[in-house]
Amino acid sequence: MVAINSTGSVYFISPMNETEEQAFERLLELVKDRNWRLSSGFYLIESKPDNDPNAPGRITPFVMRKEQAEVLATRHTRNFRPKARKLGISTVLVLVNGDECVWTPNLFAAVIDKSEGDAFGKLQMFRFAWENGPRHPNPGMAQLWRWVHEANPLTVNNDSELAWSNGSRFEASASVTGNTPNRLHLSELGPISAQFPKKSREIRRGSINAVLPHDIVDIETTMEGGQFGVCWDFCELALSSVGKELSPVDWKFHFYPWFRHPSYRIVGGKPRNEETLDYFEKLRENHGIVLEDEQMAFWESKRREQGDDIWQQYPSTIEEATRAVVAGQIYPLLASYRQAGRVCDFEPELGQPLYCFFDLGASDNMAGWLMQPCGKDWNALDWCAGEGVGAEAVAEVIRAWERKFGPMAGVYIPHDANITDKGGGKTYLFQLLACKINPRIVHVVPRIPDVWMGVNEVRKRLGRVWWHSRTDRPVTTPDGDKLPSGVGRLENYRKVITTSGITKSIPFKDGVCDHTADALRTWAEADSLSMITAGTIDAAPRSSRPVTQMRAMMGLRGRAGLTPTHFHDCTGSTNGIGKITAPQSL
């Protein structure tokens with residue numbers, strides 16, 4: 001006969017007052033309750049040691065921990081959950097969505113992760129529970145599972161989909177889905193936004209928009225990428241709703257700190273350094289968080305291991321989880337320059353020349369900086385960025401800056417301005433001059449052998465730049481996307497981080513931050529070559545000897561500057577004007 005103990009677990013005992021049929025009827029009543037199914041060990045999972053993800057897993061009956069039960073108890077129709085690693089939030093969401101598919105007809109659940117392998121792995125979690133159910137070590141639950149399989153068999157079973165005869169299905173993907181899910185689980189939106197910004201925007205417009213107001217979206221993520229991108233947008237939406245009455249389409253903010261994981265401790269350990277003790281004393285004073293020595297010792301070891309990534313991976317407070325930490329940041333000192341007050345309001349220096357520096361990216365992407373020397377320092381007076389813009393729009397930016405600030409002493413464009421456009425048969429330089437930009441002030445900065453040489457030239461100069469506050473105003477595109485300011489883009493300019501977490505020595509080309517950073521690199525490289533002068537065509541520019549030497553070093557002939565054949569008034573087609581996001585102050 002089957003009996004149920006006080007914890008809800010099922011086991012066989014010798015017949016007493018109940019018949020076996022009565023016991024199974026009681027069991028059938030219990031199994032109708034979702035909380036019982038998720039709290040009694042009904043589902044089997046493959047668990048691995050926290051400190052060794054490559055170790056062989058063992059089959060474990062799943063019983064919700066306190067924080068996992070809280071996920072379901074506080075669940076809203078729109079949920080944003082910044083979290084520490086390995087708290088089991090994704091596990092309970094996968095199991096509850098799969099559970100609903102089994103027990104609810106015609107329900108469509110989907111899970112999206114940063115890679116197909118990660119998404120398939122989450123679906124595999126529920127497949128494992130389903131396939132091993134009839135072999136449950138508890139005979140009573142094994143019998144229940146056999147009945148479930150017989151009543152609602154699988155009709156589709158592959159890496160990306162499970163479907164049942166009741167019309168429900170559970171799909172896994174690394175990209176947007178073409179249907180309307182009733183349950184959407186979006187895992188690691190932070191890394192997706194940081195590493196694949198275009199995909200994150202597609203997910204927002206496609207998958208999330210497809211979910212109806214009364215259905216459920218769950219975002220659970222570590223906060224990678226700083227205060228910019230799709231993940232940060234949802235974080236701000238959820239934070240703005242804290243303490244307010246929520247409608248079905250409002251986002252609810254949930255937070256799960258690292259110390260809620262029972263295994264995040266070093267048995268017998270104690271914190272060793274004063275910095276750790278000061279940190280936890282401030283947590284106690286400011287947030288009322290009191291932790292044990294073993295927990296503090298764990299955090300201290302992770303702090304040594306993770307560096308500043310500790311705030312993303314193991315946050316203690318909401319403020320830590322949402323702070324602007326950018327993994328692989330190329331210009332990390334910008335934060336200290338901002339803290340020192342170098343981003344502020346100020347007036348341009350009277351009598352000092354003005355220069356603008358551009359990057360000309362692929363697909364007509366561009367960005368530019370308006371700079372002014374001031375003794376040993378430089379003033380960054382304004383900034384612009386745009387996509388789908390050609391030479392004519394860049395010329396308009398230059399003229400707008402001249403109307404506001406005064407005439408340009410120099411316009412600097414990168415080496416690829418001399419590459420012939422395949423469509424029009426003309427170089428970008430040719431098209432820019434066709435827009436009546438004074439040829440005396442236009443300079444093409446030669447290509448350098450390695451991008452990191454240019455990056456290092458920027459680093460040498462960053463501490464001498466004053467940034468006008470207009471360069472630090474975020475942008476909203478016509479499509480409604482929120483993008484960072486010019487300074488924000490420099491702060492978010494970063495190296496490539498692979499899906500496995502490896503940082504590579506390659507700048508990440510996200511189509512947003514990289515163009516603005518490359519425009520500033522045009523300035524630094526031109527300055528390093530002594531090209532920045534206020535001279536005219538009749539004056540011998542200071543750049544002639546260094547540029548000639550640089551070109552000779554690269555096996556090129558002649559000077560990098562313009563020749564008289566470039567100066568004639570020319571007409572012809574341009575790339576046309578597309579979307580442009582600046583100058584911000586115009």
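See above for the structure.
Predicted model, so just to flag it, every value in this text is computed and none were measured.

(A) Representation of the state of the cysteines. Evaluated as defined, the whole model comprises zero disulfides. In this structure C231 is a free cysteine whose sulfur lies 6.7 Å from that of C235, the closest cysteine sulfur available. Overall, C231 belongs to the buried group, its relative accessible area being 3%.

(B) Region of interest: unusual backbone geometry. Positioned with a positive phi, N106 is a non-glycine residue whose angle comes to about 55 degrees. Counting through the fold element by element, N106 comes out in the loop between α4 (89-103) and β6 (108-112). Although it is not a glycine, S530 sits at a positive phi angle of roughly 55 degrees. One can find S530 in the loop between α19 (513-528) and α20 (544-553). The class of S530 is partly exposed, set by a relative accessible area of 29%.

(C) Spotlight on the packing of aromatic side chains. By the definition in use, this model includes 29 aromatic pairs. Ring-pair connections join several aromatic residues into one group, and the members of that group are W36, F42, Y43, F126, W130, W145, W164 and F170. Lying across the ring of F196, K199 places its NZ or CZ 4.9 Å from the centre. Above the plane of the ring of F405 lies K404, whose end atom (NZ or CZ) is 5.6 Å from the centre.

(D) Main features of the environment of W130. Positionally, W130 belongs in helix α5 (residues 116-132). In this structure, the C-alpha to C-alpha distance between W130 and V148, residues 18 residues apart in sequence, is 9.6 Å. With near-sequence residues (within four places) excluded, W130 lies in contact with V102, W145, V148, H149, N152, L154 and W164.

(E) Quick look at the pattern of salt bridges. Counting across every chain of the model gives 28 salt bridges. Here D99 and R37 are joined by a salt bridge, their closest N and O atoms 2.6 Å apart. Taken as a pair, D99 in helix α4 and R37 in helix α2 (residues 34-39) lie far apart in primary sequence, 62 residues in all. R37 shares its class with D99; the two are buried.

(F) Representation of the environment of E202 within the structure. Here E202 lies in helix α8 (residues 197-210). Between the C-alpha atom of E202 and that of V176, which follows or precedes it by 26 residues, the distance is 6.7 Å. With sequence-adjacent residues up to four places away left out, E202 is seen in contact with V176 and S207.

(G) Structural context of the nonpolar core. Core analysis: the biggest nonpolar cluster contains 53 residues, and F126, F170 and W258 have the highest contact counts within it. In terms of residue count, α4 provides more of this core than any other element does, eight residues in total. Setting aside its immediate chain neighbours within four residues, W258 contacts A84, L87, Y264, F280, L291, Q295, F298, W299, Y314, P315 and S316. Counting 39 residues, the second largest nonpolar core, distinct from the first, contains Y331, L334, V487 and M531.

(H) How the structure looks around the packing of helix α17 (residues 451-462) against α19. For the pair α17 and α19, the least separation of the axes is 8 Å and the interaxial angle reads 85 degrees. Relative to α19, the element α17 lies roughly perpendicular. Residues V451, G454, V455, E457, V458, R461 and L462 of α17 touch α19, and the partners they reach there are L520, R521, W523, A524, E525, D527 and S528. Residue composition of the contact of α17 with α19, grouped by class: seven nonpolar, two polar and five charged.

(I) Spotlight on a nonpolar patch on the surface. Among the surface-exposed residues, L239, V242 and I318 lie close enough to one another that they form a single nonpolar patch of about 210 Å² accessible area. Locating L239 in the fold gives a position in helix α9 (residues 230-240).

Conventions and cut-offs
Residues numbered from 1 in each chain as written. Predicted model: local features only at pLDDT ≥ 70, side-chain atom pairs only at ≥ 80, totals over all residues. Heavy atoms only, no water. Disulfide = S-S within 2.5 Å. Buried < 20%, exposed > 50% of the residue type's maximum accessible area, 1.4 Å probe, protein only. Helix = DSSP H or I, 4+ residues; strand = E, 2+ residues; numbered from the N terminus. Phe/Tyr/Trp six-rings, centres within 6.5 Å; stacked < 30°, edge-to-face > 60°. Lys NZ or Arg CZ within 6 Å of the ring centre and 35° of its normal. Contact = heavy atoms within 4.5 Å. Salt bridge = Lys/Arg side-chain N within 4 Å of Asp/Glu carboxyl O. Core = buried A, V, L, I, M, F, W, Y, C linked by side-chain atoms within 4.5 Å. Axes fitted to C-alpha atoms, helices over the stretch in contact; angles between N-to-C directions. Parallel < 35°, antiparallel > 145°, perpendicular 65-115°, else oblique. Nonpolar A, V, L, I, M, F, W, Y, C, P; charged D, E, K, R; others polar. Patch = residues over 30% accessible without salt bridge, like charges linked within 9 Å, V, L, I, M, F, W, Y side chains within 5 Å. Areas by Shrake-Rupley, 256 points an atom, 1.4 Å probe, with all protein chains shown as cover.

Don't take any of this as a statement about function, it's just geometry.
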